[in-house]
Amino acid sequence: MERNVLTTFSQKMSQFILNEMPKAEYSSLFNDFVESEFFLIDGDSLLITCICEISFKPGQNLHFFYLVERYLVDLISKGGQFTIVFFKDAEYAYFNFPELLSLRTALILHLQKNTTIDVQTTFSRCLSKEWGSFLEESYPYFLIVADEGLNDLQTQLFNFLIIHSWARKVNVVLSSGQESDVLRLYAYLLPSMYRHQIFSWENKQNIKDAYTTLLNQLERFKLSALAPLFGSLKWNNITEEAHETVSLLTQVWPEGSDIRRVFCVTSCSLSLRMYRRFLGNREPSSGQETEIQQVNSNCLTLQEMEDLCKLHCLTVVFLLHLPLSQRACARVITSHWAEDMKPLLQMKKWCEYFILRNIHTFEFWNLNLIHLSDLNDELLLKNIAFYYENENVKGLHLNLGDTIMKDYEYLWNTVSKLVRDFEVGQPFPLRTTKVCFLEKKPSPIKDSSNEMVPNLGFIPTSSFVVDKFAGDILKDLPFLKSDDPIVTSLVKQKEFDELVHWHSHKPLSDDYDRSRCQFDEKSRDPRVLRSVQKYHVFQRFYGNSLETVSSKIIVTQTIKSKKDFSGPKSKKALETKAEIITRENKKRLFAKEEQKEEQKWNALSFSIEEQLKENLHSGIKSLEDFLKSCKSSSVKLQVEMVGLTACLKAWKEHCRSEEGKTTKDLSIAVQMMKRIHSLMEKYSELLQEDDRQLIARCLKYLGFDELASSLHPTQDAENDVKVKKRNKYSVGIGPARFQLQYMGHYLIRDERKDPDPRVQDFIPDTWQRELLDVVDKNESAVIVAPTSSGKTYASYYCMEKVLKESDDGVVVYVAPTKALVNQVAATVQNRFTKNLPSGEALCGVFTREYRHDALNCQVLITVPACFEILLLAPHRQNWVKKIRYVIFDEVHCLGGEIGAEIWEHLLVMIRCPFLALSATISNPEHLTEWLQSVKWYWKQEDKIIENNTASKRHVGRQAGFPKDYLQVKQSYKVRLVLYGERYNDLEKHVCSIKHGDIHFDHFHPCAALTTDHIERYGFPPDLTLSPRESIQLYDAMFQIWKSWPRAQELCPENFIHFNNKLVIKKMDARKYEESLKAELTSWIKNGNVEQARMVLQNLSPEADLSPENMITMFPLLVEKLRKMEKLPALFFLFKLGAVENAAESASTFLKKKQETKRPPKADKEAHVMANKLRKVKKSIEKQKIIDEKSQKKPEMWIKA
């Protein structure tokens, strides 16, 4: 009955998993330059995968451990953070394979004792509560598990593990089918989906019952496996015997020893004792099975067992003394062990397993465990057995030396002492019996000498590039002789210049020639010219829609050395008369502009003030729009004071209203503090006494009395009535908490005040000035900064520099996608205008689909594959020499899954300076070091080229070099520019469907962490908190640990960087965030792990799974965002089909909505209006004809 239950449900479960297999995503588990996630590896899956490796042969234990370590080292080198898990119940699957039982135990011990890898062996089964708690605490990203075992029962164990992982929201990665390269590890990923969790919930009891039935069946296998060999001895009896043997050895060898010696003598002595007991039970009773009788009828004698153990001891001595290089030269014995040997060998493997299980007995003994990976070498044992059976008997005697013989004698004498129950033979001779341990075969030794080796080798060629790159390696490579038929069949002394076809001599074409040209660049056809004109108009329109930047006219200038503007300015030098005149003119122009700004404000102030009274938020928007266009500081001060006054009045009116008495609308208070921040930070020097008094009054009405007193101290003490009256206007929390909790996105960044003459539109920060200096000095740089932080400005500055230098220099902008290429091309055409010679263009595009002005432009926007085509094309090298700068956008694609090698090729091949931009590189120092090494290589090569061409400079121009090629000097330095602050804090929300409606729940970043992850790796560098999230973290910590010693010190109102501070800046909030992170980390490291775990749980949102299809609910999501005023929005879907389905769903939803809101007579009204428009159009055309005729008549009269 149990077996039927197991079979029925296991088939259902297996079929469910098989149906999911085709949906697996073959993707990269790690991306280079991207931080990896914590994951788990099932130890038994790792074992099975390495055993099934094609290069592994049974008995090659050392090679097995090599395969395991090679795989794990590869994971670690790619940034893998993982734990290996061995379940106790999984051991049952090997009872029919005793040789794997000992190998599995040795693997666990090796990983625990000889490596730093975290190995977990405490979990009994995957359905245990302890395993579930571990998954909740560690929250692994995925689990690597095998989809097939050694037999059906082990496969079912793997299936249970897969199902349980999915139920716990842990993704599954299959151990089979993995491929690795230098940067990536590819594998089949089966993400945990809602349907997987539903399957587990619906079959919860069936899974438990089937798993229990499976374990019972495996338990019976254990008994059936032991009974034929050990008879009436039970599992515990054998374990006690092994324990006694190990304990006795500690007395015989009190000084300690090596694991190989220990393992040899203990396993041999236990095997002899068990085999003697096995022989003592040869006469089966009536109740024993016939299987035991069959085994006993052909078993070997005890003396033959002793001979085998002697051979094993000699093998271990060889392992101790022979280097691996000599062991690798051993003969390959193709003979298998004799059939009569199998019971004996199985018993010995079981004994080895029981010895390893009791290795903990040596805990306080000096035991060297380094060589756990090399306990046995079956190929060497077969060689020794073959020698004594076939060669020694024929008179071939080997002189093994005194050292080896003494070590062997010492091991065998120890075996004799450990056996105790009976006397074993003397160490010599090794073979006292004549039975053959190996099967007799016609050719027992693998002979490869007779195999015909084909005449393989390289064809001799001569290439300067290849010879230099290969170096001395070519000496060791096999080359075919000159009289070889393959060589003589080739045309000798044939030069291949890669410009024409080797046979037809026709010019070679490349992908550039084969890509579609959007317009004929040489055509003078008016229609083509109109199309080109329309294209440029559209590009400028598209670019203007992306950014509101006025177009700049570029004029070619002579190259001037530019100063470094990133540092502080030196003292003012003596001005010339021309400079004084220029300064005075600028001063007059500034005064005139300021007067215009004031007149403009006077004209608009009344309407804005009225708008502020009617609707504060609408009025504030108009006021801020005016501030953006205004340049006068004095006028801005007036505008800000008007806004502050309006906010104070609106706040007082709101607090007096009935609504304000119950719940206060803090958005008004936020606007008031925003105005105060702006006034105190930007115009503090212009503030008058009355202005400061008004600001202090506003602060008092908000309840920030201490800040008000520090800004404008008052000597008059207020009575209780006034204080109580004003308390009704208070926000009810301290100023620091208020600013962090409600004004996070308004907090001011630390900005420089001194303008940079190279930038007209804004005042760049120090790190941005460093980028400009990089371009000015023709240097290269890796730029890592968050999205929208301003790093792209350096790209446009670089383009402008090259455009101004000459009409020949080229800047190449490499973008990863065609969409980004089109966007950048439009932006460039909108930003710059330049009068160029006929046939030249400012901006060109080259993608696989089309090209336009690609080789006759100064700014080429392209994708990596197309740029590689141009760099490698022999007949494009004159164009390549014109390249002055290359800009790599989204350079983290270097670690991507597809096309990453092309990015690497480009970074290595380019000879000019470059800018590498990215927002998501986790190890930029490593990337910069590599790029710097590439630049040093090219520096050496350029020196050689310069020396070779120094005497032929005039020839260089005739050979296709640009005019200024030799004059342009580049720097080979690669700078790393880092900037980690975002202009706007990102907050995460989880979108879910509750009761048929879309809901957004805030997701605190700390909820994605575990205490184990924080303890091992700390907080991820890219995990930042918004000011509001820092407050939430503090509140959770204070709530969980009431007696927290540092609670008052880290309270927002008492924090050292916030204390009595009117304007809290972003950097202050970041310091508070770092202090809280450090405090939470100290909790974990100082023994308060449980409190820290509760804090992280407190911050986690409630999990809410929804059965609805998210694609069908997509229109409701868009509608919800519209109501929340969060549109426009970007949606990232990683499959093209999902993108199309979402767009189609939104389109259908909008059409239905349009139909429901459409008036009943809309079609009739539209038809009537169309008729009217048609009549108007006819009358206009008729009038146009009449006007044209009337213009022609006077001309005829004049001619007459």
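Our structure's up above, just so we're on the same page.
First, a word on scope: everything that follows refers to the structure included in this document. All figures in this text were calculated on a predicted structure; none of them were measured in a lab.

1. Regarding the sheet that holds strand β14 (residues 810-814)
An order of β11-β17-β16-β18-β14-β19-β20-β13-β21 is seen for the 9 strands of this open sheet, with the pairing classed as mixed. The sheet terminates laterally at β11 (516-517) and β21 (974-978), the two strands that pair on one side only. Pairing analysis gives 4 bridges linking strand β13 (residues 780-784) to strand β20 (residues 914-918), with the strands arranged parallel. Paired with Val782 across the two strands is Ala916, which belongs to β20. Helix-sheet contacts for helix α31 (residues 793-805) involve β14, β16 (841-846), β18 (857-862), β19 (883-888) and β20, and the interaxial angle to β14 is about 160 degrees.

2. Here's the deal with the nonpolar core
In terms of nonpolar packing, the biggest core is built from 155 residues, with Phe64, Leu72, Leu272, Tyr275 and Trp350 touching the most fellow members. Summarising the domain contributions, this core has at least three residues from each of domain 1 (1-228) and domain 2 (231-280 + 302-445 + 467-494). In this view, Phe64 contacts Leu47, Cys50, Ile51, Phe56, Leu103 and Leu107; residues no more than four positions away in its chain are not counted. Within the second largest apolar cluster, 78 residues are counted, among which are Leu771, Cys798, Ile887 and Val891.

3. A short note on the pattern of salt bridges
Applying the stated criterion across every chain yields a total of 60 salt bridges. Ionic pairing is found between Asp258 and Arg260, a salt bridge with its closest N-O pair at 3.6 Å. Accessibility assignment for this pair places Asp258 and Arg260 in one class, buried. One salt bridge connects Arg758 with Asp776, and the closest N-O pair in it is separated by 2.7 Å. Of this pair, Arg758 sits in the loop between α29 (735-742) and α30 (766-776) while Asp776 sits in helix α30, and the two are 18 residues apart along the sequence. Classification of Asp776 as buried rests on a relative accessible area of 15%.

4. Here we look at the pairing of β13
Most of β13 is tucked away: 5 of the 5 residues are buried. Relative to β21, β13 runs parallel, the two being bridged by 5 bridges. From the neighbouring strand, Ala781 faces β21, where its bridge partner is Arg975.

5. Quick look at empty space enclosed by the protein
Inspection of the entire model under this criterion finds 5 cavities of 30 Å³ or more. Considering the residues around the largest cavity, the lining is formed by Asp42, Asp44, Phe87, Asp89, Ala90, Cys126, Gln154, Leu157, Phe158, Leu161 and Tyr211. The dominant element in the lining of the largest cavity, judged by the number of residues it contributes, is helix α6 (residues 152-167), at 4 residues. Residue composition of the lining of the largest cavity, by class: 7 nonpolar, 1 polar and 3 charged.

6. A few points about the side chain of Asn159
Tracing the backbone shows Asn159 in helix α6. Among all residues touching Asn159, those that are not within four sequence positions of it are Met13, Ser14 and Ile17.

7. Quick notes on the environment of Tyr71
The residue Tyr71 is located in helix α3 (residues 61-77) in this model. Those residues within four positions of Tyr71 in sequence are excluded, and the remaining contacts are Leu46, Ile144 and Gln178.

8. Side note on the pairing of β14
The two faces of a sheet get side chains in turn, since along a regular strand they alternate between them. Along β14, 5 of the 5 residues are buried, which leaves the element largely enclosed by surrounding structure. Alternating positions in β14 separate into two faces, Val810, Val812 and Val814 on one and Val811 and Tyr813 on the other, with burial throughout.

9. Here we look at the packing of aromatic side chains
In this structure the tally under the stated criterion is 45 aromatic pairs. For the ring pair Phe123 and Trp131, a centre distance of 5.2 Å and an interplane angle of 70 degrees mean the geometry is edge-to-face. In this pair, the class of Phe123 matches that of Trp131, namely buried. A centroid spacing of 5.2 Å and a plane angle of 50 degrees characterise the contact between Phe123 and Phe134, whose relative ring orientation is tilted. Residue Phe123 is located in the loop between β4 (118-120) and α5 (129-138), and its partner Phe134 is located in helix α5; the two are separated by 11 residues in the primary sequence. The class for Phe123 is buried, based on a relative accessible area of 6%. These aromatic residues form a ring-pair network of at least three members: Tyr92, Phe95, Trp235, Trp350, Tyr353 and Phe354. In this structure, Lys222 is placed above the aromatic ring of Trp235, and the distance from its NZ or CZ to the ring centre is 4.4 Å.

Procedures and definitions
Residues numbered from 1 in each chain as written. Predicted model: local features only at pLDDT ≥ 70, side-chain atom pairs only at ≥ 80, totals over all residues. Heavy atoms only, no water. Pairing = 2+ DSSP bridges. Helix = DSSP H or I, 4+ residues; strand = E, 2+ residues; numbered from the N terminus. Contact = heavy atoms within 4.5 Å. Axes fitted to C-alpha atoms, helices over the stretch in contact; angles between N-to-C directions. Core = buried A, V, L, I, M, F, W, Y, C linked by side-chain atoms within 4.5 Å. Buried < 20%, exposed > 50% of the residue type's maximum accessible area, 1.4 Å probe, protein only. Domains from an automatic or database assignment. Salt bridge = Lys/Arg side-chain N within 4 Å of Asp/Glu carboxyl O. 1 Å grid on protein atoms, 1.4 Å probe; cavity = no way out; pocket = protein on both sides within 12 Å on 5 of 7 lines; lining within 4 Å. Points joined across faces, edges and corners; volume = space filled by probe spheres on them. Nonpolar A, V, L, I, M, F, W, Y, C, P; charged D, E, K, R; others polar. Phe/Tyr/Trp six-rings, centres within 6.5 Å; stacked < 30°, edge-to-face > 60°. Lys NZ or Arg CZ within 6 Å of the ring centre and 35° of its normal.

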